[in-house]
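Observations on chain architecture
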Amino acid sequence: SQQGEEDPQALSIQEGENATMNCSYKTSINNLQWYRQNSGRGLVHLILIRSNEREKHSGRLRVTLDTSKKSSSLLITASRAADTASYFCATENAGGTSYGKLTFGQGTILTVHP
Amino acid sequence: SAVISQKPSRDICQRGTSLTIQCQVDSQVTMMFWYRQQPGQSLTLIATANQGSEATYESGFVIDKFPISRPNLTFSTLTVSNMSPEDSSIYLCSVSGQGRTNEKLFFGSGTQLSVL
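First things first, this report covers the structure right here in the doc. (Residues numbered from 1 in each chain as written. Chains lettered and ligands numbered in written order. Predicted model: local features only at pLDDT ≥ 70, side-chain atom pairs only at ≥ 80, totals over all residues. Heavy atoms only, no water.)

Let's talk about the interface of chain B and chain A
Contacts between the two partners involve 25 residues from chain B and, on the opposite side, 20 residues from chain A. Summed over both sides, the interface between chain B and chain A buries roughly 1800 Å², with carbon and sulfur atoms accounting for 48% of that surface. Area buried by chain B at its contact with chain A is led by S42(B), L43(B) and E103(B), which between them contribute 30% of it. The tally of links between chain B and chain A comes to nine residue pairs in polar contact (both at pLDDT 80 or more). When contributions to the side of chain B that touches chain A are tallied by element, the ones reaching two or more residues are β4 (31–37), β5 (43–50), β9 (89–96) and β10 (105–107) of chain B. Here the side of chain B that touches chain A is composed, by residue class, of nine nonpolar, twelve polar and four charged. (Contact = heavy atoms within 4.5 Å. Buried area = accessible area lost by both parts, 1.4 Å probe. Polar contact = N/O pair within 3.5 Å; in protein donor to acceptor, adjacent residues only side chain to side chain. Helix = DSSP H or I, 4+ residues; strand = E, 2+ residues; numbered from the N terminus. Nonpolar A, V, L, I, M, F, W, Y, C, P; charged D, E, K, R; others polar.)

As for unusual backbone geometry
In this structure, P8(A) follows D7(A) across a cis peptide bond, with omega equal to -5°. Summarising the element assignment, P8(A) is placed in the loop between β1 (5–7) and β2 (10–14). In the segment running from K7(B) into P8(B), the intervening peptide bond is cis, with an omega of 5°. Position of P8(B) relative to the elements: it lies in the loop between β1 (4–7) and β2 (10–13). The phi torsion at A78(A) lies on the positive side, around 45°, for a residue other than glycine.

A few points about the side chain of T111(B)
Residue and element names in this part refer to chain B. Of note, T111 is situated in strand β11 (residues 111–115). Only 3.0 Å separates the side chain of T111 from the side chain of Q6, close enough to count as a polar contact. In contact with T111, not counting residues within four places along its chain, are Q6, K7, P8, S9, L19, I21, S89, I90 and Y91.

Some thoughts on the pairing of β11(B)
Residues and elements named next belong to chain B. Residues of β11 alternate between two faces, with T111, L113 and V115 buried on one and Q112 and S114 left unburied on the opposite face. Bridge count between β2 and β11: four bridges; the pairing is parallel. In the strand pairing of β11, I12 is matched with S114. With three bridges connecting them, β9 and β11 associate as antiparallel partners. By the bridge assignment, S89 is partnered in β11 with L113. (Buried < 20%, exposed > 50% of the residue type's maximum accessible area, 1.4 Å probe, protein only. Pairing = 2+ DSSP bridges.)

A short note on the state of the cysteines
One pass over the full model with this rule turns up two disulfides over all chains. Paired through a disulfide, C23(A) and C89(A) show a sulfur-sulfur distance of 2.0 Å. Looking down the S-S bond of the C23(A) and C89(A) bridge, the torsion is 70°, so its handedness is right-handed. Of this pair, C23(A) sits in strand β3 (residues 19–24) while C89(A) sits in strand β9 (residues 85–93), placing them 66 residues apart in sequence. Of the residues examined, C89(A) reaches a relative accessible area of 1% and is grouped as buried. C23(B) shares a disulfide with C93(B); S-S distance 2.0 Å. Taking the torsion about the sulfur-sulfur bond, which here is approximately 70°, the covalent link between C23(B) and C93(B) counts as right-handed. Of this pair, C23(B) sits in strand β3 (residues 19–25) while C93(B) sits in strand β9, and the two are 70 residues apart along the sequence. On the accessibility criterion, C23(B) (0% relative accessible area) is buried. Cysteine C13(B) is unpaired, with the sulfur of C93(B) as its nearest cysteine sulfur at 17 Å. (Disulfide = S-S within 2.5 Å.)

Notes on the layout of surface pockets
Rolled over the atoms, a probe as big as a water molecule pinpoints where empty space is left. Estimates place the volume of the largest pocket at around 440 Å³. Along the walls of the largest pocket sit 25 residues, with Q37(B), Q38(B), P39(B), G40(B) and Q41(B) positioned nearest its centre. Looking at the lining of the largest pocket, the elements with two or more residues in it are β9 of chain A together with β2, β9 and β11 of chain B. Of the residues in the lining of the largest pocket, the class split is seven nonpolar, 16 polar and two charged. (1 Å grid on protein atoms, 1.4 Å probe; cavity = no way out; pocket = protein on both sides within 12 Å on 5 of 7 lines; lining within 4 Å. Points joined across faces, edges and corners; volume = space filled by probe spheres on them.)

Thoughts on the sheet that holds strand β7 (residues 61–66) of chain A
All names here are of chain A. Taking strand neighbours across the sheet as the criterion, the five strands line up as β1-β3-β8-β7-β6 in an open arrangement whose pairing is antiparallel. In this open sheet, the two edge strands, each paired with only one partner strand, are β1 and β6 (55–58). The sheet shows a mean angle of 15° between the axes of neighbouring strands, taken without regard to direction. Of the pairings in the sheet, the one linking β1 to β3 comprises three bridges and is antiparallel in character. Looking across to β3, one finds that E5 is bridged to S24. (Axes fitted to C-alpha atoms, helices over the stretch in contact; angles between N-to-C directions.)

In short, shape yes, function no, at least from these values alone.
Given below as structure tokens:
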């Protein structure tokens, strides 16, 4: 079942601006990950944050995790036209039977205008 | 990381026919996953395919409709059987990383299926 909900569903910004996407989930998790999808093709892993972490950085990406609120945010700084894509959060639910299985959110469509 | 070759990349099929999607990985992996992405939607896990055992299907998906083979540690197929227009989706195979990347998923480029 889909447990992740993301907002906004769509985001349109100018090049150079920052983009923030939010994700909420419902159950206890081992980790939360963000993926990017270009034009409905395969997904590419961006960043992973574990349940005992609160913030993580990777290049222009910053992800936060608030397990008390069951929410996460992805910030892309200084956006570029090439960042235009769909972004999905995905959770690995806590519990032995969930190993390797991810539950994906609904996604945010990001458009960066040159 | 893992490099995944998935084919076909797209197909247009007639109602009632079946399509087999192939997924080849450049390294041996224990677990392979098949996802479906309906138009404008997120990804839904169909099943987990482990070598040497029957695939494990998620709620709402059955083996008769989506038979899966996993003959070795680098290859898997998913068949979409007796297709209807509701099966029009992108189908994606994925694998868990190895070692330090074992929590991440690596994806094939997807198969875009249209059923007429």
